[in-house]
Amino acid sequence: MSITKSSTESSSIAFNLERKLTKPSKLIIKSSNFHGYGVFAYEDILANETLEEAPFVMTNYRVKDLLHPEMTRHLLTFPCKCSDCEFRGRKFIFTCGHAIQYNSCKTREDSDIIFKYDRENKIVKTISTRDIKKGKEILVCHSEKWYERHVENKHVDSCHMPS
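About the thresholds
Residues numbered from 1 in each chain as written. Predicted model: local features only at pLDDT ≥ 70, side-chain atom pairs only at ≥ 80, totals over all residues. Heavy atoms only, no water. Phe/Tyr/Trp six-rings, centres within 6.5 Å; stacked < 30°, edge-to-face > 60°. Helix = DSSP H or I, 4+ residues; strand = E, 2+ residues; numbered from the N terminus. Buried < 20%, exposed > 50% of the residue type's maximum accessible area, 1.4 Å probe, protein only. Salt bridge = Lys/Arg side-chain N within 4 Å of Asp/Glu carboxyl O.

Novice: Can you help me understand the packing of aromatic side chains in this one?
Specialist: Each aromatic ring pair is described using two quantities: the centre-to-centre distance and the angle formed by the ring planes. This model, assessed by the stated rule, comprises four aromatic pairs. For the ring pair F78 and Y117, a centre distance of 5.7 Å and an interplane angle of 75 degrees mean the geometry is edge-to-face. Residue F78 is found in the loop between β7 (76-77) and α2 (83-88), and its partner Y117 is found in strand β10 (residues 113-118); the two are separated by 39 residues along the sequence. Like F78, the residue Y117 is buried in the burial classification. Measuring from centroid to centroid gives 6.1 Å for Y102 and F115, while their planes differ by 65 degrees, and the two rings are edge-to-face. One end of the pair, Y102, is in the loop between β8 (91-95) and β9 (103-104); the other, F115, is in strand β10, and 13 residues separate them in sequence. Residue classification places Y102 among the buried positions, given a relative accessible area of 3%. Taking relative accessible area as the criterion, F115 reaches 0% and is therefore assigned buried.

In structure tokens, the structure reads:
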């Protein structure tokens, strides 16, 4: 997979010169009462709307590794059920876009979005779980139990990426 600038629109990203990613046109980052900055709805958002698609890179860092809390706050975990991830913890991924800036909520009922992972193309998609009004801070729940129930790729059997 190659990431290149599109010849028709310099601000979009295309994969293999054919696939454009969904840009976060309805999102804005601004000061948050929860934690420094957060992601807010710039416009009204409908349930099940794709808010953004962003490329990701798999790391060798795992949930059970000793990492600085600030690192774990800004990284997503790849949902994998392989025996290595079960034993050593899921791998963290680096991603672009707004994904690293969402503040967390404590319960899945309060979560406004889910992340869906396209393993083959190495893309993480942000999907709204409910209607979101303009100006509301968009929150996500990162608990293990939430991932078990809600992440689309919960049955991924390998965290090894295609080349």
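Novice: Please explain the pattern of salt bridges as it appears in this structure.
Specialist: Side chains that carry opposite charge are capable of pairing whenever their charged atoms lie near each other. Applying the stated criterion across every chain yields a total of eight salt bridges. With its nearest N and O atoms 2.9 Å apart, the salt bridge here joins E49 to K26. Within this pair, whereas E49 is found in the loop between β5 (37-41) and β6 (50-62), its partner K26 is found in the loop between β3 (19-20) and β4 (27-31), the two being separated by 23 residues in sequence. Note that R88 and D84 form a salt bridge whose closest N and O atoms lie 3.3 Å from each other. With a gap of four residues between them, R88 and D84 both fall in helix α2, about one helical turn apart. Note on D84: relative accessible area 27%, which makes it partly exposed. One salt-bridge network, in which partners are shared between bridges, spans R62, D84 and R88.

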